[in-house]
Amino acid sequence: MADLNALMIFAKVVEAKSFTEAARRLDMPVSTVSRRVADLEGEFGARLLLRSTRAVQLTEDGAKLIEQARALAEINDAVDDARSKRRTEASETLRISAPPSISDTVLAPLVAAFRVSFPNVGVKVFISGRIADDFPDGVDLQVKIGPQRKAEQGRLKLITYRHQLVASPSYLRGVKPLLVPRDLLAHPLLAFAFPGVESTWTLTEVGGSKREVLRFRPHLAISDYAGLTSLMLADGGIGDLPPVVQPELMRDGRLVEVLPGWGLPVFDLCLVHPPSRAPSGPMRAFMEFAGDMLPRLFPELSH
């Protein structure tokens, strides 16, 4: 198979009617252009161009090849134009809202990596614990967490995960093994909760059909996972934790899963844009980037 880059260079030389002019248009040294065309001739075992001090001319063998080479050069130019247009389009400010629980472990590394790849895009992030289906004014994209749901227009699922019941190893060393959900009621339970909302955990047997809804009065209820993890690390009890919140605590064993045979509900972490308008260049770029990067940040999660 011929070197596709060499074919493209060959077409540019014919178009420019000069190695020097082709090198200028391609932003390459003349010696490189000449060598690549010579290599192509070596591959074909025939001279493709007649060189002179004034111009170059196609040989009979070169004329047979030039149409394919021109088609390749046109495709390459089209790709370059599309890439340039996209970069130009993606050169405004992107406004993103997200819940506080994932600001440091999900959003911060995602936005930092995105800015490296798209330095022309400004990013403004608004952290809000407000739960609502409508879009705040001036926001382009929302990072939303919620129960699994079917694919919808304007919603891109990034990763899927389930919360885990966790505690510190030192806390668990001093208690009887927990075998079934009701065993949890003998322990101080730490819940993520909002005012006026009853604390419940719905647990489903992994690989089975049993399902239990555990209603309890929490030892502490707080709408902040940072506070919950601090208490769990201090041997304060058992709580639920999404694996996207401070995942290093589970990875290095400072917290361990309790009742691994019983699973909490599954959630989707999604990017959502207003369905009433088409996404802009920066919005599309960020959604594609996040869809590729988030599974890499959390390879242990399904997506």
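Structure first, text after, so check above.
Residues numbered from 1 in each chain as written. Predicted model: local features only at pLDDT ≥ 70, side-chain atom pairs only at ≥ 80, totals over all residues. Heavy atoms only, no water.

## Concerning the overall build of the protein
A tally of helices and strands in the protein yields nine helices and 15 strands. Burial analysis of the protein (303 residues in total) assigns 42% to the buried set. Intrachain contacts of the protein at a sequence separation of at least 6 include 74% that bridge at least 24 residues. Carbon together with sulfur atoms contributes 52% to the accessible area of the protein, which is approximately 16,800 Å² in total. (Helix = DSSP H or I, 4+ residues; strand = E, 2+ residues; numbered from the N terminus. Buried < 20%, exposed > 50% of the residue type's maximum accessible area, 1.4 Å probe, protein only. Contact = heavy atoms within 4.5 Å. Areas by Shrake-Rupley, 256 points an atom, 1.4 Å probe, with all protein chains shown as cover.)

## Side note on the pairing of strand β4 (residues 122-127)
Across six bridges, the pairing between strand β3 (residues 93-98) and β4 is parallel. Residue pairing for β4: R95 is matched across the bridge by K124. Crossover β3 to β4 through helix α5 (residues 103-117) is right-handed. (Pairing = 2+ DSSP bridges. Right-handed = clockwise from strand over helix to strand, strands pointing away.)

## Describing the sheet that holds strand β15 (residues 266-272)
The sheet built from five strands is open, its strands ordered β4-β3-β5-β15-β6 with mixed pairing. Edge positions in the open sheet fall to β4 and β6 (155-162), since each of these has one partner strand only. The mean angle between the axes of side-by-side strands here comes to 20°, regardless of whether they run parallel or antiparallel. Two strands pair when backbone bridges link them, and β3 and strand β5 (residues 141-147) are joined in this way by two bridges, in the parallel orientation. Bridged to S97 within β5 is Q142. Seen against the sheet, α5 touches β3, β4 and β5 and runs at an angle of roughly 170° to β4. (Axes fitted to C-alpha atoms, helices over the stretch in contact; angles between N-to-C directions.)

It is worth stressing that arrangement in space is one thing and function is another; only the former is reported here.
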